[in-house]
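# Fold and geometry: a report
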Amino acid sequence: MKKQAIAVVALISAGVLIGRFTGQPAARAQGGCSVTNLKGSYGLALNGFFYDFDGSQGVYSSAGLAVADGNGA
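Quick look at the overall build of the protein chain now. Across its full length, the protein chain carries one helix and two strands. Its helices and strands in sequence order give the protein chain the pattern α-β-β, from N to C terminus. Counting all 73 residues of the protein chain, 5% fall into the buried class. Counting every atom, the protein chain has about 6,800 Å² of accessible surface; 62% of that belongs to carbon and sulfur.

Following this line, the structure appears as C-alpha cells:
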C-alpha cells in the first residue's frame with residue numbers, strides 16, 4: 001500500500017513538472033501582417049489607475065470601436 005501511494009505521488013509530481021516546463025506554442029501569421037490584412041470592426045476596452053500631480057489616485061475606463069478598412073484607415 002505504501003509503495004502504491006509513493007508511486008501515485010511520483011507520477012503526479014512528474015506530470016506537474018512536465019506540464020510546468022513545456023513551452024507554449026507561438027502564434028504566427030502565415031503571410032505576414034499588413035494594413036491590407038486588417039479589415040473589420042474591433043471592440044476595445046481600457047481601464048486602470050493613474051496618479052495626478054497631488055499624488056491622488058484616480059480610476060479611468062474607456063470603451064470603443066475601431067473600424068479598419070484594409071487601406072490603412
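Below, the discussion takes up the environment of serine 62. Along the chain, the position of serine 62 falls in strand 2 (residues 57–69). For the pair serine 62 and alanine 45, spaced 17 residues apart in sequence, the C-alpha separation works out to 5.8 Å. With near-sequence residues (within four places) excluded, serine 62 lies in contact with Leu44, Ala45 and Leu46.

All right, on to the pairing of strand 2 then. Sheet topology note: the strand 1 (residues 39–51)/strand 2 ladder contains 13 bridges and is antiparallel. Residue lysine 39 lies in a different strand from strand 2, and its bridge partner there is aspartate 69. What sits between the antiparallel neighbours strand 1 and strand 2 is a turn of five residues, in which glycine 55 has the positive phi angle 90 degrees.

Put simply, the protein chain has an average pLDDT of 79, and 75% of its residues get 70 or more. For the protein chain, the element scoring lowest by mean pLDDT is helix 1 (residues 2–21), at 70; strand 2 scores highest, at 91.

To continue, consider a nonpolar patch on the surface. A contiguous nonpolar patch, built from Leu44, Leu46, Phe50 and Tyr60 and spanning about 380 Å² of accessible area, is present on the exposed surface. Among the structural elements, tyrosine 60 can be located in strand 2. Classification of tyrosine 60 as partly exposed rests on a relative accessible area of 38%.

Here the focus is the environment of glycine 64. Examined against the element boundaries, glycine 64 turns out to sit in strand 2. As for glycine 64 and leucine 44, which are separated by 20 residues in sequence, their C-alpha atoms are 5.3 Å apart. Those residues in contact with glycine 64 that sit more than four places away from it in its chain are Tyr42, Gly43 and Leu44.

What counts as what
Along each chain, residue indices are assigned from 1 in the same order as the chain's sequence is written. Per-residue local features are limited, in this predicted model, to residues with pLDDT of at least 70; the limit for side-chain atom pairs, both in listing and counting, is 80 or more; totals at the level of whole chains, interfaces and linings are taken over all residues. Hydrogens and waters are ignored; side-chain quantities use all the structure's heavy atoms. Numbering of helices and strands runs from the N terminus; a helix is a DSSP stretch of H or I covering at least four residues, while a strand is a stretch of E covering at least two. Using a 1.4 Å probe on the protein chains alone, a residue whose accessible area is under 20% of its type maximum counts as buried, one over 50% counts as exposed, and one in between counts as partly exposed. Surface accessibility in these figures is a Shrake-Rupley result with a 1.4 Å probe; residues are shielded only by whichever protein chains are displayed. Any two residues whose heavy atoms approach within 4.5 Å at even a single point are treated as in contact. When DSSP finds two or more bridges between two strands, those strands count as paired. Every residue carries a pLDDT, the predictor's confidence in it, which falls somewhere between 0 and 100. Each patch groups residues whose relative accessible area exceeds 30% and which form no salt bridge, using 9 Å between like charges and 5 Å between nonpolar side chains of Val, Leu, Ile, Met, Phe, Trp and Tyr. The salt bridge definition used is simple: a Lys or Arg side-chain nitrogen within 4 Å of an Asp or Glu carboxyl oxygen.

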